[in-house]
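Overview (structure and organization)
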Amino acid sequence: MASEFDLIQRYFRRAHPSAVLGVGDDAALIQPSPGMELAVSADMLVANTHFYPNIDPWLIGWKSLAVNISDMAAMGAQPRWATLTIALPEADEDWISKFAAGFFACAAQFDIALIGGDTTRGPLTISVQIMGETPPGASLLRSTARADDDIWVSGPLGDAALALAAIQGRYPLSDTELAACGKALHQPQPRVVLGQALRGLAHSALDISDGLLADLGHILEHSQVGAEVWLKAIPKSEVVSAHSQEVAIQKMILSGGDDYELCFTASTQHRQQIADIGRQLSLDMAVIGRITDTQQLVIHGLDDAPLTLKEHGFDHFA
């Protein structure tokens, strides 16, 4: 059986020009670009909470890095370096090789260097720390939304939650529908280019991981503002649209989570410029509401009547 260090050497040690010293020493050495600020974030994925261990390990590898890259996108940062800490029940080299292939496929797409980490035996748990760069003062924050801002989302919501419901047997989907929705659940696409394009345009931003209403709530809380959101304005895929008259699907759109689209606010004066950016990036972006000075969140249903939802998103400790 391969040792811990054999596994690291065989599957996770790869040279990258952005790292002065990468995997294999007591610490990595990196050289940030002169004059840039460092953005740092970390996420943990736990088997049976964030993913099912019987899912293709290539997809688990992709998603474990992609969800962290999404945090960089939400800050308007350029992702540069990552560390990976993984607990494994056993040294299954077939699983590890496929996981590493998915992880590095995502890293290659976004030009990210894996510069260190750790492995140990334990319940399957994946922790990634990511570091990126932004120009000084240019980062997108949660605390700077302004009354009368447009509220935008960068793409369709609800697919990942619907796919998960189908996998768990809570909602029937055809194989074709599940395959279409499953892409959002298993292989999210971080909106890095969009995040950087929004520097100087968006007043606030974050990525949607726990559900639109829960995550938008963070902007409202940090900015001390309120919001109105129109369900009918939220972008939806063909599959979600086909079922969107059902209350269960509406809840998935508003609070399902795992979307990893950006939610951001911006002045109405920038509406056309932002729409043009969306078209250039082939994103199905839309204005879904507005920021108010009421410090309340009002949700309008498909018929424009107010909706009341008990749960606004995923809570690990609820």
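Residues numbered from 1 in each chain as written. Predicted model: local features only at pLDDT ≥ 70, side-chain atom pairs only at ≥ 80, totals over all residues. Heavy atoms only, no water.

1. Describing the nonpolar core
Ranked by size, the top nonpolar core spans 51 residues in total, and within it Leu-65, Ile-126 and Phe-264 carry the most contacts. It is helix α2 (residues 57-74) that provides the largest number of residues to this core, a total of ten residues. Both domains that furnish three or more residues to this core are identified here as domain 1 (4-134) and domain 2 (149-300). Setting aside its immediate chain neighbours within four residues, Ile-126 contacts Asp-43, Met-44, Leu-45, Phe-51, Ile-60, Ser-64, Leu-84, Thr-85, Ile-86 and Phe-99. Core analysis: the second largest hydrophobic core is formed by 36 residues, Cys-181, Leu-220, Val-225 and Val-229 among them. (Core = buried A, V, L, I, M, F, W, Y, C linked by side-chain atoms within 4.5 Å. Buried < 20%, exposed > 50% of the residue type's maximum accessible area, 1.4 Å probe, protein only. Helix = DSSP H or I, 4+ residues; strand = E, 2+ residues; numbered from the N terminus. Domains from an automatic or database assignment. Contact = heavy atoms within 4.5 Å.)

2. Observations regarding the UniProt feature "binding site: Mg(2+) 1" (unreviewed entry) in the chain
Here the UniProt feature "binding site: Mg(2+) 1" (unreviewed entry) sits at Asp-43 and Asp-118. Mapped onto the fold, Asp-43 is located in strand β3 (residues 37-46). Classification of Asp-43 by relative accessible area gives partly exposed; the value is 28%. With residues near it in sequence (within four places) discarded, Asp-43 still touches Val-67, Asn-68, Asp-71, Ile-126, Ser-127 and Val-128. For Asp-118, a relative accessible area of 37% gives the class partly exposed. (UniProt positions renumbered as here; feature names shortened; annotations may be inferred.)

3. Some thoughts on the packing of aromatic side chains
Here the structure, examined in full by the defined rule, presents five aromatic pairs. Ring centres 5.7 Å apart and planes at 75 degrees place the aromatic pair Phe-103 and Phe-104 in the edge-to-face group. On the accessibility criterion, Phe-104 (10% relative accessible area) is buried. These aromatic residues form a ring-pair network of at least three members: Trp-95, Phe-99, Phe-103 and Phe-104. (Phe/Tyr/Trp six-rings, centres within 6.5 Å; stacked < 30°, edge-to-face > 60°.)

4. Notes on the pairing of strand β11 (residues 286-292)
Within β11, five of the seven residues are buried, which leaves it mostly tucked inside the rest of the structure. Here strand β7 (residues 150-153) pairs with β11 via four bridges, running antiparallel. Pairing of Ile-151 across the sheet is with Gly-289, part of β11. Of the strand pairs in this sheet, strand β9 (residues 226-230) and β11 are connected by four bridges, and their pairing is antiparallel. Residue pairing across strands places Val-229 opposite Gly-289, the latter belonging to β11. (Pairing = 2+ DSSP bridges.)

5. Notes on the pattern of salt bridges
Within the structure shown, the criterion is met by nine salt bridges. Arg-290 serves as the salt-bridge partner of Glu-228, at 3.1 Å between the closest nitrogen and oxygen. Within this pair, whereas Glu-228 is found in strand β9, its partner Arg-290 is found in strand β11, the two being separated by 62 residues in sequence. Glu-228 gets classed as buried once you look at its relative accessible area, which sits at 17%. Take Arg-290: its relative accessible area is 34%, and that puts it in the partly exposed class. Put simply, Asp-276 and Arg-279 hold a salt bridge, and the shortest N to O gap is 2.3 Å. Separated by three residues within a single helix, Asp-276 and Arg-279 lie in helix α10 (residues 271-280), roughly one turn from each other. Salt bridges sharing common partners tie together Asp-148, Glu-228 and Arg-290. (Salt bridge = Lys/Arg side-chain N within 4 Å of Asp/Glu carboxyl O.)

6. Considerations on the UniProt feature "binding site: Mg(2+) 3" (unreviewed entry) in the chain
The UniProt entry lists Asp-26, Asp-71 and Asp-207 under the feature "binding site: Mg(2+) 3" (unreviewed entry), expressed in the numbering used here. Structurally, Asp-207 can be placed in strand β8 (residues 202-207). When neighbours within four sequence positions are excluded, Asp-207 is seen to be in contact with Val-67, Ser-70, Asp-71, Ala-74, Asp-215, Tyr-260, Glu-261 and Leu-262. Only 2.8 Å separates the side chain of Asp-207 from the side chain of Ser-70, close enough to count as a polar contact. (Polar contact = N/O pair within 3.5 Å; in protein donor to acceptor, adjacent residues only side chain to side chain.)

7. A word on unusual backbone geometry
The residue Asn-48 is not glycine, and still its phi comes out positive at about 75 degrees. Following the sequence through the fold, Asn-48 ends up in the loop between β3 and α2. For Gln-224, which is not glycine, the phi torsion reads 55 degrees and is therefore positive.

8. Some words on the sheet that holds strand β12 (residues 297-300)
Spatial ordering of the open sheet is given by β8-β10-β7-β11-β9-β12-β13, a layout of seven strands whose pairing is mixed. Both edges of this open sheet fall to β8 and β13 (306-307), since each of them pairs with a single strand only. Looking at chain direction, β8 and strand β10 (residues 262-266) are connected through five bridges and run antiparallel. For Ser-204, the partnering residue across the bridge sits in β10 and is Thr-265. Sitting on the sheet, α2 touches β8 and β10, and the angle it makes with β8 is about 170 degrees. Together, β7, β10 and β11 form the strand contacts of α10, whose direction differs from that of β7 by roughly 5 degrees. (Axes fitted to C-alpha atoms, helices over the stretch in contact; angles between N-to-C directions.)

9. Digging into the packing of helix α4 (residues 159-167) against helix α5 (residues 175-186)
In contact at an axis separation of 7 Å, α4 and α5 are set at 115 degrees when each is read in the N-to-C sense. The angle between the axes of α4 and α5 places the two elements in the roughly perpendicular class. In terms of crossing hand, the pair formed by α4 and α5 is left-handed. Contact with α4, carried on its side by Asp-159, Ala-160, Leu-162, Ala-163, Leu-164, Ala-166 and Ile-167, involves Leu-178, Ala-180, Cys-181, Gly-182, Ala-184, Leu-185 and His-186 of α5 and no other residues of that element. For the contact of α4 with α5, a count of residues per class yields eleven nonpolar, two polar and one charged. (Parallel < 35°, antiparallel > 145°, perpendicular 65-115°, else oblique. Left-handed = near helix turned anticlockwise from the far one by under 90°. Nonpolar A, V, L, I, M, F, W, Y, C, P; charged D, E, K, R; others polar.)

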